[in-house]
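Examining the three-dimensional arrangement
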Amino acid sequence: MSTALPFPRASVLGYPRIGNQRQLKRAVESYWSGKSSLEDLTETAAQLRRDTRSRLVELGLGKDDASIPESFSFYDQVLDAIAAFGAVPARFASLLDDSGRLDLPGYFTVARGKGEDAPLEMTKWFDTNYHYLVPELGPDSAFSLVGTQYVDQFNEAKADGFVTRPVVVGPVTFLALSKAAEGAPANFNPLTLLPALVPAYVSLLEQLAEAGAPWVQFDEPALVNENLVASGQELREAVASAYETLLATANRPQIAIAAPYGGLEESFAAVAATGVEAIAIDLVKGSLPDATGIDLSGTTIAAGVIDGHNIWRANLSDKLAILERAEGLGAAAVTVTTSTSLQHVPYTLDAEAKLDAELKTWLSFAEEKTREVVTLARGLAEGRGAIEELVTDSRTALDRRESAPGVNVAEVRAATAALTATDFDREDAEERRAAQATRLNLPPLPTTTIGSFPQTTAIRKARAANARGELATEGYEQAMRDEIAQVIALQEELGLDVLVHGEAERNDMVQYFAELLDGFAATENGWVQSYGSRCTRPSIQWGDVSRPAPMTVRWAEFAQSLTRKPVKGMLTGPVTIMAWSFVRDDVPLRETANQIGLALRAEVNDLEAAGIAAIQVDEPALRELLPLKKRDHADYLDWSVGSFRLSTAGVRVDTQIHTHLCYSEFGEVIDAIDNLNADVTSIEAARSRMEILPELADAGYSRGVGPGVYDIHSPRVPSVGEIQELLELAVKSVDPTLLWSNPDCGLKTRGYDETVASLRNLVEATVAVRAQQSEA
Ligand code: GLN
Ligand code: ZN
């Protein structure tokens, strides 16, 4: 091992990589569309990495002490590991060169698919909004170090005079997040591949040591997640065996194991027992571990006290207190870091000229958080006195936050405090069904869509022009009404039964509501990576939430005025609004959920009063907010389901409540879906060929269900035969009187050509199955 450079006193676990102006997104997409060359893209990326390193030094991190994380990725950090360790699925074998290496174009192909070759599946990264690509492994998967990006980036930094710290998804987490490849035995457990994978990581250690890297960071967040297939015990055993080999590597950098997104708890002992040189623990979601009887004399604890996953300014005094307690653990050293990578927060508040000045003093984005880390490290080293002024500043800001107008609103609190069980309940489901059948008078297997129709360039242009002040609001709204009229006419022509207005006026299904509710603020440049080149700009929920005025009613009313068929009202549910925003951290999530629930309830009731007979409240994020610790599930499911029920339970017996969830692996949340108590639930089902229906029935779900009959994620037009086959499968496992026919999800990302053709086939297939049913 090289001379032991101590773990840096101040560090961050990872940094945003999309660029403060989303330069990486632009460069990648421009390359994809053939408008710029591969060299342009790699040059932009290198420049971004250089800018990040020098900026982090300006913010106070050390230039040559391994405090700067080397955490760049062209698309995704898990895909980076797949490429580096030669774990590309067989269907992409033709993309590899003789030594098994994937070039950058090939890397993008694995991420995005090509022709018949489906891309890797994408799924949520822990409890964040970031999506990673899922490795596909089988009993025969082999690994070796073929990619050189980690060492290349370290060397690139070194050439500029930096000594940085490569950040790599750890071997245990890599396997724990993998799925069985097609053709692998159904019960195949990817963790059994550990002995095959670890030698590839050993090669990486040797390569990095050769290059002179003093530290490497292996991210092992699987250790904090109790929702994985592998049990905590299995993961701890895997850690013990993997790191025994890694630490025995003769020539290697020092290793830091990072465990972001939650407390390590009982796994702390197992990690410490490996003898790894540093452990980065999350002290925002988790608390200080119990180190009784654990020898930490050779271990640095990197205390993750600054929240990498939310945007609130830290109370430095409280954080110092935690750090001081951490010093009592008996570790070789305590250093300061973030709880997670900062990839989940925007770059800087400096880019937010329009954000309320007072609100800004309560916030901290990646740059500001880096400064907080540096300040705390100084306080820890030199004593509180050295940072007294900054500690006072943070306390003053947070005191002002507590008493600022809008943060704690008496009427809002009174309304949530007055809630009783009846506010969450509706009439018996059978009674509702009968009343709704009379009112809506629908054919069997009613056809509908999930809400949005294509967001055309014309719509986006009109919105942008309106935002720039070039198109007056009157003109913009007229354009939206024209769009709605076309969407209604199209659905009439296609013969759909329950229509939608198409959501043309919505920039985004959460931001639209956040902009109209009190208690939320929007940023101008607060982009965070969602997946690949896709970025979102989450709103900031900073205060008590209420609805100053109706939000969707005039659009729904206008749409309904154009047709005799029912038009579904369309809202985003409380949990999804919360999941896709930065939520306040000073009240329980349940309180915020109920506040949003009440605001939506008023909207639902107004839609009903305007004559809307069916109202859909989307909750696609219900599953993603599921806490990583099992002991927190019951409470979460109680408040999340409760807030949905609160928003929908104020309607008449004959108003039909729909919900939509866009995934098909329900597992832990299947009972919750039943408990939502919606009259109709639409779900993704085409890719899994209706597999979910018997599962739903087993869970006791017995109300209306709309399993998606075609996948909207690709522009392919499903044939009548295909859709008919899926519907025939569906009527086998669900009472046909409960069944609806609809696509898997909203159509906003699709073009009109494929949308019209697909919906035409959907209606034709449904009519055919109806005829079979009436004969039977
Ligand atoms: N109503 C939304 C739409 O159709 C639902 C989108 C979603 O589930 N993500 O776009
Ligand atoms: Zn969906």
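Our subject is the structure that appears above.
A brief report on the enclosed structure follows. (Residues numbered from 1 in each chain as written. Chains lettered and ligands numbered in written order. Predicted model: local features only at pLDDT ≥ 70, side-chain atom pairs only at ≥ 80, totals over all residues. Heavy atoms only, no water.)

Things to note about the overall build of the protein chain
Counted only if it meets this: Helix numbers and strand numbers start at the N terminus; a helix is a DSSP run of H or I with at least 4 residues, a strand a run of E with at least 2. Only C-alpha atoms enter the radius of gyration, while the globule expectation follows 2.2 Å times N to the 0.38, with N the number of residues. Categorising residues by exposure relies on relative accessible area from a 1.4 Å probe, with only protein chains included: less than 20% of the type maximum marks a residue as buried, more than 50% marks it as exposed, and the intermediate range marks it as partly exposed. We call two residues contacting when some pair of their heavy atoms lies within 4.5 Å. Note on areas: these come from Shrake-Rupley sampling with a 1.4 Å probe, and a residue is covered only by the protein chains present in the view.
Counting its regular elements, the protein chain contains 26 helices and 20 strands. Its C-alpha radius of gyration of 27 Å places the protein chain within 12% of the 28 Å reference for a compact globule of 776 residues. Taken along its principal axes, the extent of the C-alpha atoms in the protein chain is 80 × 60 × 55 Å. Counting every position in the protein chain, which comprises 776 residues, the buried fraction comes to 60%. Sequence separation of at least 24 residues holds for 77% of the intrachain contacts in the protein chain that already meet a minimum separation of 6. For the protein chain, the computed accessible surface area is about 29,500 Å², with 50% contributed by carbon and sulfur atoms.

With respect to the side chain of Gln560
Convention followed: Contacts described as polar in this section are N or O atom pairs within 3.5 Å, which, within protein, must combine one atom able to donate a hydrogen with one able to accept it, while residues neighboring in sequence count only if both atoms come from side chains.
With respect to the element layout, Gln560 can be found in helix H19 (residues 553-561). Reaching out from Gln560, the side chain makes a polar contact with the backbone oxygen of Thr563 at a distance of 3.2 Å. Among all residues touching Gln560, those that are not within four sequence positions of it are Lys565, Pro566, Val567 and Ile612.

Observations concerning the sheet that holds strand S10 (residues 300-306)
To keep things clear, this is the line we draw: Pairing between two strands is assigned when DSSP locates at least 2 bridges connecting them.
Strand order in the open sheet formed by 7 strands is S1-S5-S7-S8-S9-S10-S11, with parallel pairing between adjacent strands. At either margin of the open sheet sits one strand with a lone partner, and together these are strand S1 (69-70) and strand S11 (333-338). As judged from the 2 bridges shared by S1 and strand S5 (residues 165-169), these two strands associate in the parallel manner. Across the sheet, residue Pro69 finds its bridge partner in S5, namely Arg165.

Here we look at the sheet that holds strand S17 (residues 614-618)
Quick reminder of the rule: Axis lines are fitted to C-alpha atoms, over the contacting stretch for helices. Their N-to-C directions set the angle, which ranges from 0 to 180 degrees.
Read from one edge to the other, the open sheet built from 5 strands follows the order S16-S17-S18-S19-S20, with strand pairing classed as parallel. Only two strands of the sheet have a single neighbouring strand rather than two, namely strand S16 (568-572) and strand S20 (704-707). Ignoring which end each strand starts from, the neighbouring axes of this sheet average 20° apart. The pairing of strand S19 (residues 680-683) with S20 spans 4 bridges and is parallel. The partner of Ser682 across the bridge, within S20, is Gly706.

Here we look at the coordination of the zinc ion (ligand 2)
Counted only if it meets this: For Na, K and Ca the donor cutoff is 3.2 Å, while for all other metals N, O and S atoms count as donors only within 2.8 Å; water does not appear among the atoms, so some sites may look incomplete.
Those donors, His660 (NE2), Cys662 (SG) and Cys745 (SG), are the protein atoms that reach the zinc ion (ligand 2), and they lie 2.0 to 2.5 Å from it. Ordering the donors of the zinc ion (ligand 2) by residue number gives the pattern H-x1-C-x82-C. Of the two residues, His660 sits in strand S18 (residues 656-661) while Cys745 sits in the loop between helix H25 (720-733) and helix H26 (752-775), which places them 85 residues apart along the sequence. The class of Cys745 is buried, set by a relative accessible area of 16%.

Comments concerning the pattern of salt bridges
Two side chains with opposite charge may pair up if their charged atoms get near one another. Definition in use: Counted as salt bridges are all cases of a side-chain nitrogen of Lys or Arg within 4 Å of a carboxyl oxygen of Asp or Glu.
One pass over the structure, following the stated rule, counts 45 salt bridges. Measuring nitrogen to oxygen at the nearest pair gives 3.3 Å for the salt bridge that ties Arg439 to Asp654. Of this pair, Arg439 sits in helix H15 (residues 429-440) while Asp654 is found in the loop between helix H22 (633-648) and S18, placing the two residues 215 residues apart along the sequence. Taking the shortest distance from any N to any O, the salt bridge between Asp638 and Arg590 comes out at 2.9 Å. Here the residue Asp638 occupies a position in helix H22, and Arg590 occupies one in helix H21 (residues 589-609), the gap between them amounting to 48 residues. When its relative accessible area of 46% is taken as the criterion, Asp638 is described as partly exposed. Taken together, the shared-partner salt bridges in this structure form one network comprising Arg401, Arg413, Asp544, Arg584, Asp585, Asp586 and Glu591.

Describing the site of ligand 1
The cut-off we apply is this: The cutoff for a nearby residue is simple: one of its non-hydrogen atoms must lie within 4 Å of the molecule or strand. The residue classification treats Ala, Val, Leu, Ile, Met, Phe, Trp, Tyr, Cys and Pro as nonpolar and Asp, Glu, Lys and Arg as charged. All others, Gly included, are polar.
The environment of ligand 1 is made up of 13 residues, and the closest members are Ser452, Glu503, Asp618, His660 and Lys748. Note that an oxygen atom of ligand 1 is positioned 3.1 Å from one of the side-chain N or O atoms of His660. When isolated, ligand 1 has an accessible area of 290 Å², and the protein chains bury 95% of it. Its residues assigned to classes, the shell around ligand 1 shows 6 nonpolar, 4 polar and 3 charged.

Quick notes on the packing of aromatic side chains
Rules: Only the six-membered ring of Trp is used, alongside the rings of Phe and Tyr, when aromatic pairs are assigned; centres must lie within 6.5 Å, and planes under 30 degrees apart are stacked while those over 60 apart are edge-to-face, with the rest tilted.
Enumeration over the complete set of coordinates arrives at 20 aromatic pairs. Ring geometry for Phe72 and Phe74: centres 5.0 Å apart, planes at 85°, overall edge-to-face. What makes Phe72 buried here is its relative accessible area of 10%. A connected cluster of aromatic rings, assembled from ring pairs, spans Tyr31, Trp32, Phe72, Phe74, Tyr75, Tyr107 and Phe108.

Let's talk about the environment of Asp425
Examined against the element boundaries, Asp425 turns out to sit in the loop between helix H14 (410-417) and H15. Each C-alpha atom of the pair Asp425 and Gly650 lies 8.3 Å from the other, and the pair is 225 residues apart in sequence. Those residues in contact with Asp425, other than ones at most four positions away along the chain, are Arg645 and Ala649. Only 2.6 Å separates the side chain of Asp425 from the side chain of Arg645, close enough to count as a polar contact.

Side note on helix H5 (residues 149-159)
All of the buried residues in H5 are Gln149, Tyr150, Val151, Gln153, Phe154, Glu156 and Ala157. Those residues of H5 that are buried lie in contact with helix H2 (38-58), S1, helix H3 (77-84), S5 and helix H7 (194-211). Looking one or two places after H5, you find Gly161, whose phi comes out positive at around 90°.

A look at the packing of helix H16 (residues 457-467) against helix H17 (residues 473-494)
The angle between the axes and the distance between the axes are what describe a pair of packed helices. Defined as follows: Reported orientations rely on four angle classes, namely roughly parallel under 35 degrees, roughly antiparallel over 145, roughly perpendicular from 65 to 115, and oblique for the rest. Crossing handedness follows the turn of the near helix against the far one: under a right angle anticlockwise gives a left-handed crossing, and clockwise gives a right-handed one.
At their nearest, the axes of H16 and H17 sit 9 Å apart, and the two run at 165° to each other. Between H16 and H17, the angle is such that the two are roughly antiparallel. As H16 packs across H17, the resulting crossing turns out to be left-handed. Residues Ile459, Ala462, Arg463 and Asn466 of H16 form the contact with H17, whose own contacting residues are Thr473, Tyr476, Met480 and Glu483. Of the residues belonging to the contact of H16 with H17, the class tally is 4 nonpolar, 2 polar and 2 charged.

With respect to the packing of H17 against H26
Contact geometry of H17 with H26 gives a least axis separation of 10 Å together with a crossing angle of 35°. Judged by the sense of rotation from one axis to the other, the crossing of H17 with H26 is right-handed. On H26, the residues that touch Glu483, Val487, Leu490, Glu493 and Leu494 of H17 are Tyr752, Val756, Leu759, Arg760 and Val763.

A short note on the nonpolar core
Applied cut-off: By nonpolar core we mean a set of buried residues, namely Ala, Val, Leu, Ile, Met, Phe, Trp, Tyr and Cys, connected to one another through side-chain atoms within 4.5 Å.
Counting residues in each nonpolar core, the largest one holds 141 residues, and the members touching the most others are Phe85, Phe174, Phe218 and Ile255. In terms of residues, this core owes the most to one element, H7, which gives 10 residues. Setting aside chain neighbours within four positions, we find Phe174 in contact with Val78, Ala81, Ile82, Ala87, Pro135, Leu137, Phe143, Val169, Leu197 and Tyr201. In terms of nonpolar packing, the next biggest core, distinct from the first, is built from 91 residues, Ile657, Ile670, Ala685 and Val763 among them.

A closer look at the side chain of Arg432
By the element assignment, Arg432 lies in helix H15. Under the relative-accessibility criterion, Arg432 is labelled buried at 1%. Of note is the side chain of Arg432, whose polar atom sits 2.9 Å from the backbone oxygen of Asn677. Beyond its immediate chain neighbours, meaning those up to four positions away, Arg432 contacts Arg426, Glu427, Val653, Asn677, Ala678, Asp679 and Arg703.

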